[in-house]
Amino acid sequence: MPLLGSFCLLFALALSGYCFVVGIVGAVRKDFVGYRMAETARRAGMATFAAVTLAAFALVWAAFADDFSLSYILHHSNRSLAAPYKFAVLWSGQEGSLLFWSWLLATYGFVLRWRHKVDQRLVAITSMVLAGIQVFFLLLCNFVANPFGVEPGPMALDGAGLNPLLQYPEMVIHPPMLYLGYVGFSLPFAFALAALIMRYPGEKWIHITRRWTMVTWLFLSVGISLGAHWAYAVLGWGGYWGWDPVENASLLPWITGTAFLHSVMMQEKRGMMKMWNIWLIFTTFMLAILGTMLTRGGAVSSVHAFAQSAIGAWFYWFLGIVFVVCLTFFIINRDHLASENQLESLVSRESSFMFNNLVLLAAMFAVLCGTLFPILSEAVRGYKITVGGPFFNKVVIPIGLFLIFLTAVGPLLAWGSTSWGSIKRNFAIPFFSSVALGVGLIAFGMRPFSDMSHFYAWSTFVLCTLVIATITSEFIRGGLVLRGKMNTNLLFAIFHLMRRNMRRYGGYVVHFGMILFFIGVAGQAFNQEKELEMGIGDKMQVGHYTLTLTADNHDDTPVYESQATILDVQKDGRYYTTLYPERRAYKASGGQPLTVVANHISLQEDLYVIYEGQNEGRPIIKAFINPLVVWVWIGVIVVVFGTGLALVPNAVRVTVAVPAAVPAMDNQQHMQPAGVGK
Amino acid sequence: MNPQTTTVIVQIFCSVFAAVALIYIFIPSKDTDTGVDKTRLAYLYERKDVVYDNLRDLNFEFKSGKFTQADYDAMSSGLEAEAARVLDEIDQLESVPA
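Residues numbered from 1 in each chain as written. Chains lettered and ligands numbered in written order. Predicted model: local features only at pLDDT ≥ 70, side-chain atom pairs only at ≥ 80, totals over all residues. Heavy atoms only, no water.

**As for the domain arrangement of chain A**
Residues and elements named next belong to chain A.
Right, on to step 1. Taken as a whole, chain A is organised into domain 1 (1-167) and domain 2 (526-629).
Right, on to step 2. Averaged C-alpha coordinates put domain 1 and domain 2 at centres separated by 44 Å.
Right, on to step 3. With 7 residues of domain 1 in contact, the opposing surface of domain 2 contributes 5 residues.
Right, on to step 4. For the domain 1 and domain 2 pair, buried surface summed over both sides reaches about 530 Å², with 56% attributable to carbon and sulfur atoms.
Right, on to step 5. Contact with domain 2 buries surface across domain 1, with Ala160, Pro164 and Leu165 losing the most and accounting together for 68% of the total.
Right, on to step 6. At the boundary of domain 1 and domain 2, one finds 0 residue pairs in polar contact (both at pLDDT 80 or more).
Right, on to step 7. Per-class residue counts for the side of domain 1 that touches domain 2 are 4 nonpolar, 3 polar and no charged. (Domains from an automatic or database assignment. Contact = heavy atoms within 4.5 Å. Buried area = accessible area lost by both parts, 1.4 Å probe. Polar contact = N/O pair within 3.5 Å; in protein donor to acceptor, adjacent residues only side chain to side chain. Nonpolar A, V, L, I, M, F, W, Y, C, P; charged D, E, K, R; others polar.)

**Focus: the packing of aromatic side chains**
Residue and element names in this part refer to chain A.
Right, on to step 1. If you walk through the whole model with that rule in mind, you get 45 aromatic pairs over all chains.
Right, on to step 2. For the pair Phe110 and Trp114, a centre-to-centre distance of 5.9 Å together with 25° between the ring planes defines the contact as stacked. Taken together, the positions of Phe110 and Trp114, both in helix 5 (residues 94-114) and 4 residues apart, correspond to about one turn of that helix.
Right, on to step 3. Taking the relative accessible area as the measure of exposure, Trp114 reaches 59% and is therefore exposed.
Right, on to step 4. On the basis of an interplanar angle of 70° and a centroid distance of 6.0 Å, the ring pair of Phe137 and Phe315 is categorised as edge-to-face. In this pair, Phe137 is assigned in helix 6 (residues 120-144) and Phe315 in helix 12 (residues 311-333), connecting sequence segments 178 residues apart. (Phe/Tyr/Trp six-rings, centres within 6.5 Å; stacked < 30°, edge-to-face > 60°. Helix = DSSP H or I, 4+ residues; strand = E, 2+ residues; numbered from the N terminus. Buried < 20%, exposed > 50% of the residue type's maximum accessible area, 1.4 Å probe, protein only.)

**A closer look at the pairing of strand 2 (residues 539-542) of chain A**
Residues and elements named next belong to chain A.
Right, on to step 1. Side chains Met540 and Val542 project from strand 2 onto a buried face, and the interleaved Lys539 and Gln541 project onto a face without burial.
Right, on to step 2. Bridging between strand 2 and strand 3 (residues 545-556) involves 4 bridges; their strand directions are antiparallel. Bridging across to strand 3, Val542 finds its partner in Tyr545. (Pairing = 2+ DSSP bridges.)

**A short note on unusual backbone geometry**
Residues and elements named next belong to chain A.
Right, on to step 1. The backbone of Asp66 sits at a positive phi, close to 50°, despite the residue not being glycine.
Right, on to step 2. Inspection of the secondary structure assignment puts Asp66 in the loop between helix 2 (32-64) and helix 3 (71-76).
Right, on to step 3. With a relative accessible area of 11%, Asp66 lands in the buried category.
Right, on to step 4. We note that Met273 has phi near 60°; this positive angle belongs to a residue other than glycine.

**Structural notes on the pattern of salt bridges**
Right, on to step 1. Counted according to the given criterion, the structure contains 25 salt bridges over all chains.
Right, on to step 2. A salt bridge links Glu474 of chain A to Lys66 of chain B, with the shortest nitrogen-to-oxygen separation between them at 3.0 Å. With one member in each of two chains, Glu474 of chain A in helix 16 (residues 452-486) and Lys66 of chain B in the loop between helix 2 (40-63) and helix 3 (69-95) form a pair that bridges those chains. Here Glu474 of chain A and Lys66 of chain B have matching classes, each one buried. (Salt bridge = Lys/Arg side-chain N within 4 Å of Asp/Glu carboxyl O.)

**Quick look at the pairing of strand 3 of chain A**
Residues and elements named next belong to chain A.
Right, on to step 1. What sits between strand 2 and strand 3 in their antiparallel hairpin is a turn of 2 residues, with Gly543 showing a positive phi close to 60°.
Right, on to step 2. Judged from the 11 bridges that link them, strand 3 and strand 4 (residues 560-571) form a sheet pairing that is antiparallel. What sits directly across from His554, in strand 4, is Gln563.
Right, on to step 3. Two successive antiparallel strands, strand 3 and strand 4, enclose a turn made up of 3 residues.

**Section: the environment of Ser263 of chain A**
Residue and element names in this part refer to chain A.
Right, on to step 1. Mapped onto the elements of the fold, Ser263 is located in helix 10 (residues 245-270).
Right, on to step 2. Between the C-alpha atom of Ser263 and that of Val395, which follows or precedes it by 132 residues, the distance is 23 Å.
Right, on to step 3. For Ser263, the residues in contact, after removing those within four places along its chain, are Met273, Trp276, Asn277, Leu280 and Asn357.

**Overview of the environment of Val86 of chain B**
All names here are of chain B.
Right, on to step 1. Looking at where Val86 falls in the secondary structure, it is placed in helix 3.
Right, on to step 2. Judged by its relative accessible area of 7%, Val86 falls in the buried class.
Right, on to step 3. Val86 sits 25 residues away from Glu61 along the chain, and the two C-alpha atoms are 24 Å apart.
Right, on to step 4. Leaving out residues up to four positions away in the same chain, Val86 has contacts with Leu44, Arg47 and Lys48.

Spelled out as structure tokens, the structure:
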């Protein structure tokens, strides 16, 4: 298998190198020979997929065959490792994960080249850009971090095993999802750069990449959420987001990708923000590479990051080359990106998109600065200064609140400009609903001015109500129009409303999911925690729960040793549940500890209990009450569902008569689209 | 299996794989499509569809009561003017003999 894997990696590098170089020649030579060369380049790109697939297969095969002659398998697998985790070996270490990156890129490239007839010239240059990225990652796999390196001497009897923290079902899915997100942004990036290089007329490249971008964004969202859920369920510190550098690294391209998904609508609809969009997608791709570098290169300290290695320098060079290439073609062809319309008013849908983008960019810069600050401080002062959660919360929470406000306002504004009359018409009910909720919360005992975290939580609830009201009004208004036209009930009319514009109404469902997510996050303001050393029969009071320790057991299995307690829980004096917090020490990893969290979930709050350790044989139990956390996960599920809806093609439109007179113009007989004014 | 035999099998497999890949790449089918650069006219037809879509959306939103008559008129006339410009240019380009 090392021979097959090494050969396939080298062959794939040669094929993608050919695809890149001959792709350039084919793009420059616009004659028959050039087209034939471009076709061979396309086919070489497709063959790259086969070669990288074989290399990835060879590594997984080696994991299943317990081939410890390979250094990578020796350090990331062992004989007793369960089958699903042997698949996960592919992305568990630096070398394997770079191979996995290459394989995903090759897969995306294969699909693109397979569907080349969508626009052959555009796809040819896009394929060439992708091949350039592929060459970089295959260079790393071949010469810097080769997963098929062989251990000297006789083969070891068993391996070091997979990190116990990663032996969790979500960890089999989380990294591939993140990678699908990171790698997926290569596609819209390559299309954007290709469109700029060839001065592609119009916005069809956006139309072609729309689904790619949405699917990529979805993968990244799911990947980030699974990572957060893993941190909550496995790391046992009571939270799900710790502003860890590697968490931040995954958030950065997600933020700019979100901005791109919004602002690109301006380009499609109004022919505006072309320069902005092109740089937004360039930035998103570069941030995805930066994210890969931070995780793989060990530039920052993190629970996720691999060891420090020389690979970082390669990424710096690659990022530098990408930036120079993007900047060069931008300077040469910037006149091609001139806007077709201008911003007419600050109270318009265009301006709400623009503010949305500025706010997201501000969030991105804040997170980027905080993440890179340790590296920058070390470069300037010689030692690392780490920026922690308080900095991020201080900066990002106000930005997030403004973003929720824009989410409420944007869809109700008109293109061009919006009059005071339209504003009153659209905002009266949502505004009074949110004010009523704000007053109601205070009446029921919430004290927003007692401290900053309570104020932020209260503001979040008020603004989320505003968004929910505006989204609901959008569905009901549209549904009412179709109900009259189709002579049906409101629910069926709303169903048809969604079917005629899935992207828009799926987008509203995504916004609704994000609102549920923010409500869950706002619950953090009311977290409670308590830690106590307990003996059998001892009680701990936290909030309205009483925890009684009934047993403390030690267990010794072939894989780990564990210490576990049984806790009976009463809520307001009545039996509520029994919890089993546990702490394990994995033998194959030299006794590396793992916390098995005992979490009782409800819509109102989580009772989250961990076995912290022991003091003179007595267990130390730590209990958290985390309000509303489940809404974070429900919100993510709704976001996934909404994105899925937005990906579904529209059904045939139901036309609606408009009685208003249309001003006469010279070509008016040509201008009316079907369904307007009839 | 003997390690040497395994090595030979893998070497044969690699050679066959490389040969098939090279044949696939360098003996493309005869109907290789050359592809054409996108024309301004093709772009204008795309733009026309987008402007018409915008008009349909605007009419629907107006019908749902989101905008005042004045706002609707202003947006509608802006979009119609854009549609007129696009159609004018399409007419001009199509009237030029190829």
